[in-house]
Amino acid sequence: MDYTIDNEYLNGLMQKVIAKNPSENEFHQAVFEFLESVKYALPTHPELIDKQILERIVEPERQIMFRVAWVDDNGKIQVNRGYRIQFNSAIGPYKGGLRLHPSVNLGIIKFLGFEQIFKNSLTGLPIGGGKGGSDFDPKGKSDNEVMAFCQSFMRELYRHIGPDVDVPAGDIGTGAREIGFLFGQYKKIVNEYTGVLTGKGLTWGGSLARTEATGYGLCYFVNCMLQKKMNTSFEGKTVVISGSGNVAIYANEKATQLGAKVVAMSDSNGYIYDENGINLDVIKRLKEVERKRISEYVNEVPTAKYTADENGSKGIWTIPCDIALPCATQNELNLESAKTLVANGCKVVGEGANMPTTPDATEYLLSNGIYFTPGKASNAGGVATSALEMCQNSARLSWTFEEVDAKLKGIMENIFENCDKTAEEVGCPNNYVVGANIAGLLKVASAMEAQGCI
Ligand code: NDP
């Protein structure tokens, strides 16, 4: 991939990042997308260069990698690698999820941690950026094996985190079950009942609406954009959503509540299509309760059609829609898919996943007048609600679902306004990639400047 930037200073920095972090492709991609945007802020913000803000911000404050050994159900020792990247704490304790997936490597965790800095800043809440995880695959493991892994993972991680230091949460492969095992082990070791993790169960410190937050937040953000920029809404729109995990399920739920029809969803083996709309109750049972494959859906809903797609489910983007919401994983929507979406009349692409759209696909969508919302802005509802969970834990209070949901909606609308206004101010109207990167950066940059050379 060619990551040349048409600005001498930024290009020099980009090439340094590539040389210093070899083989970390996703990290290079995330930094490239960010620096490409930052060029629009340089004329009015000389401190970004003078105070070496950009040089510092691409270097994590701390990178932790560790062995995770655990015993499987056959009595055999298994070994995985654990990661926690504490990227930036200028505006608050590190905050970001833990990803458990066999594809996890240092470059993936660093790209996620890097994006988290700006996402967390956009929420307006005092949280820094971090991310972690492991190449452990929870799929096909028994509950006992997942617990053994989580306990071993926490036996190392506990010494690096804390409610005022670093507060991990869920991500791909890390749901309520995993957070429970991790929290139990942390409490056992440290002998403290604190809000050290978010995404906890409702009976032990979790927040109402956290489960729904990322998917709901995505729809609040997109709906706000539809109303303000296109004078329309989700009402009557046909929507395609990739993935069928936490983000995808609750994006479906909110889009449907707002009057849309979701006609397709996927997992890593294929996608389902039903022109009458997906039955979300069946998806929730299959995925959240029974942990089954999405292919099983057609056994229960015969009007639907399943297409196997070992190519990471990219075929889902051939289904005509008004709004596409990629909610599975990084780089799942490439240039070819972007062209197909545009040719089929899609008008909006709203990212629920982190970096699901490749750089050339993003460029194509933007230059073809598609309203495109970058994940670091439009999926920020998850971490924002995690920060609300931290507030409730500190205050020893529980807010109602309606209270949390109303705060979430307000936060997402503020993020949209901020991205829209910033994009306009730097001369890139309706470019929310530029708006999100610059708005997220400037707050962190001013905190870094105030705190001196650290
Ligand atoms: P889940 O593990 O709940 O679901 C992930 C979904 O994506 C599953 O349907 C999974 O299919 C699919 N998927 C995962 N990897 C691939 C792949 N390589 N190719 C195709 N499909 C794949 O994760 P979440 O819903 O929590 O996360 C989804 C995305 O949203 C991620 O990018 C995550 O970083 C981002 N995100 C999540 C937040 C949250 O609060 N959960 C907050 C902000 C962002 P399968 O089951 O077959 O693996």
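Note that the structure is a prediction, hence the values are computed from the model and not measured.

Here Glu 351 lies in the loop between strand 11 (348–350) and helix 13 (359–367). Residue Glu 351 is classed as buried on the basis of its relative accessible area, which comes to 4%. Sequence spacing of Glu 351 and Asn 279 is 72 residues, and the spatial spacing of their C-alpha atoms is 22 Å. Glu 351 has contacts with Leu 218, Pro 326, Pro 356, Thr 357, Phe 372, Thr 373, Pro 374, Gly 375, Ser 378 and Asn 379, leaving out every residue within four places of it along the chain.

We now examine the domain arrangement of the chain. Taken as a whole, the chain is organised into domain 1 (1–59 + 430–454), domain 2 (62–194) and domain 3 (213–369). Centre-to-centre, using C-alpha coordinates, domain 2 lies 27 Å away from domain 3. Ranking the residues of domain 2 by area buried against domain 3 places Phe 111, Lys 139 and Arg 177 at the top, with a combined share of 46%. Linking domain 2 to domain 3 there are zero salt bridges.

Turning our attention to the site of the ligand. Taken together, 26 residues lie near the ligand, and Lys 139, Asp 171, Thr 214, Ser 268 and Arg 293 sit nearest. Contacts to the ligand include Gly 173, whose backbone N or O atom sits 3.0 Å from an oxygen atom. Of all the secondary structure elements, the ones that give two or more residues to the shell around the ligand are helix 8 (210–230), helix 9 (246–257) and strand 7 (261–267). Its residues assigned to classes, the shell around the ligand comprises five nonpolar, 14 polar and seven charged. Taken together, domain 2 (62–194) and domain 3 (213–369) each give at least three residues to the shell around the ligand, which thus spans both.

Once that is clear, we can look at the sheet that holds strand 1 (residues 62–71). Here we have five strands laid out as an open sheet, ordered 1-2-4-3-5, and mixed in their pairing. Only two strands of the sheet have a single neighbouring strand rather than two, namely strand 1 and strand 5 (166–169). On average, each strand axis in the sheet is tilted by 20 degrees relative to the strand beside it, whichever way the strands run. Across ten bridges, strand 1 lies against strand 2 (residues 77–88) in antiparallel orientation. Bridge pairing in strand 2 places Trp 70 opposite Gln 78. Where helix 6 (residues 143–157) meets the sheet, its contacts fall on strand 1, strand 2, strand 3 (94–100), strand 4 (128–134) and strand 5, and the angle it forms with strand 1 comes to roughly 140 degrees.

Considering all chains together, one arrives at 24 salt bridges under this definition. Across the pair Glu 55 and Lys 16 runs a salt bridge whose closest N-O atoms are separated by 3.2 Å. With Glu 55 in helix 4 (residues 53–57) and Lys 16 in helix 1 (residues 8–20), this residue pair connects regions lying 39 residues apart in the sequence. Between Lys 39 and Glu 36 there is a salt bridge, with the nearest N and O atoms lying 2.8 Å from each other.

A word on the side chain of Lys 39. Position of Lys 39 among the secondary structure elements: in the loop between helix 2 (25–38) and helix 3 (47–50). A residue is classified by how much of its surface remains accessible, and Lys 39, at 18% relative accessible area, is buried. Among all residues touching Lys 39, those that are not within four sequence positions of it are Asp 6 and Leu 10.

Another aspect to go through is the packing of aromatic side chains. Inspection of the entire model under this criterion finds 17 aromatic pairs. Between the aromatic rings of Phe 149 and Phe 153, the centroid separation amounts to 5.6 Å while the plane-to-plane angle is 35 degrees, which identifies the pairing as tilted. Here Phe 153 and Phe 149 lie together in helix 6, a separation of four residues that amounts to about one turn. Overall, the relative accessible area of 1% leaves Phe 149 in the buried class. Their ring planes at 85 degrees and their centres at 5.5 Å tell us that Phe 221 and Phe 416 sit as a pair that is edge-to-face. With Phe 221 in helix 8 and Phe 416 in helix 16 (residues 401–425), this residue pair connects regions lying 195 residues apart in the sequence. Three or more aromatic residues link up through ring pairs in this structure, and these residues are Phe 27, Phe 34, Phe 87, Phe 114 and Phe 118. Over the aromatic face of Phe 136 sits the side chain of Lys 141, whose NZ or CZ is 5.2 Å from the ring centroid. Lying across the ring of Trp 399, Lys 407 places its NZ or CZ 4.7 Å from the centre.

Glycine aside, residues mostly have negative phi angles, and peptide bonds mostly take the trans form. The backbone phi angle of Met 355 is positive, close to 50 degrees, even though this residue is not glycine. Judged by its relative accessible area of 5%, Met 355 is buried.

Attention now goes to a nonpolar patch on the surface. Nonpolar side chains collect at one region of the surface, where Val 71, Ile 77 and Val 79 lie side by side and expose about 290 Å² of accessible area between them. Residue position: Val 71 is located in strand 1. Under the relative-accessibility criterion, Val 71 is labelled partly exposed at 45%.

What follows is about the environment of Thr 198. Among the secondary structure elements, Thr 198 is positioned in the loop between helix 7 (176–190) and helix 8. Classification of Thr 198 as buried rests on a relative accessible area of 0%. Remark: the alpha-carbon pair of Thr 198 and Ala 387, spanning 189 residues in sequence, is separated by 8.1 Å. At 2.9 Å, the side chain of Thr 198 and the side chain of Lys 95 are in polar contact.

Strands sit in the order 9-8-7-6-10-11-12 across an open sheet of seven strands; the sheet is mixed. Strands at the two margins of the open sheet, each flanked by one partner only, are strand 9 (305–308) and strand 12 (371–373). Going across the sheet, the axis of each strand differs from the next one's by a mean of 15 degrees, ignoring polarity. Of the strands in this sheet, strand 6 (238–242), strand 7 and strand 10 (323–326) touch helix 9, which is tilted by about 175 degrees from strand 7.

What counts and how
- Within each chain, residues carry numbers counting from 1 in the order of the written sequence.
- Residue-level local features of this predicted model are given only where pLDDT is at least 70; pairs of side-chain atoms are given and counted only at 80 or more, and the full residue set underlies all totals for whole chains, interfaces and linings.
- Processing note: side-chain calculations cover all non-hydrogen atoms of the structure and skip hydrogens and water entirely.
- Secondary structure counts use DSSP, requiring at least four H or I residues in a row for a helix and at least two E residues in a row for a strand, with both numbered from the N terminus.
- Relative accessibility decides the category of a residue: with a 1.4 Å probe and only protein chains considered, values under 20% of the type maximum give buried, values over 50% give exposed, and everything between is partly exposed.
- The contact rule is simple, with two residues in contact once any of their heavy atoms fall within 4.5 Å.
- For each domain, the first and last residues come from an automatic or database assignment.
- The term buried area denotes the loss of accessible surface (1.4 Å probe radius) that occurs when two parts are joined, taken as the sum for both partners.
- A side-chain nitrogen of Lys or Arg and a carboxyl oxygen of Asp or Glu constitute a salt bridge if their distance falls within 4 Å.
- Being near a molecule or strand, for a residue, means having at least one of its heavy atoms within 4 Å of it.
- As used in this structure description, the phrase polar contact means that two N or O atoms lie within 3.5 Å; if the pair is within protein, one of them must be able to donate a hydrogen and the other to accept it, and residues adjacent in sequence are counted only when both atoms belong to side chains.
- Classes in brief: Ala, Val, Leu, Ile, Met, Phe, Trp, Tyr, Cys and Pro nonpolar; Asp, Glu, Lys and Arg charged; the others, Gly included, polar.
- Whether two strands pair comes down to DSSP finding at least two bridges between them.
- The angle between two axes is taken between their N-to-C directions and runs from 0 to 180 degrees, where each axis is a line fitted to C-alpha atoms and a helix contributes only its stretch in contact.
- Side-chain rings of Phe, Tyr and Trp (the six-membered ring for Trp) are treated as a pair once their centres are within 6.5 Å; stacked means planes under 30 degrees apart, edge-to-face means over 60, and tilted covers the remaining angles.
- Charges are assigned to positions over rings by a cutoff of 6 Å between ring centre and Lys NZ or Arg CZ, combined with an angular limit of 35 degrees from the ring normal.
- Patch construction takes residues with relative accessible area above 30% that form no salt bridge. Like charges are linked within 9 Å, and nonpolar side chains (Val, Leu, Ile, Met, Phe, Trp, Tyr) are linked within 5 Å.
- Methods summary: accessible areas were calculated by the Shrake-Rupley approach with a probe of 1.4 Å, and residue burial reflects only the protein chains presented.

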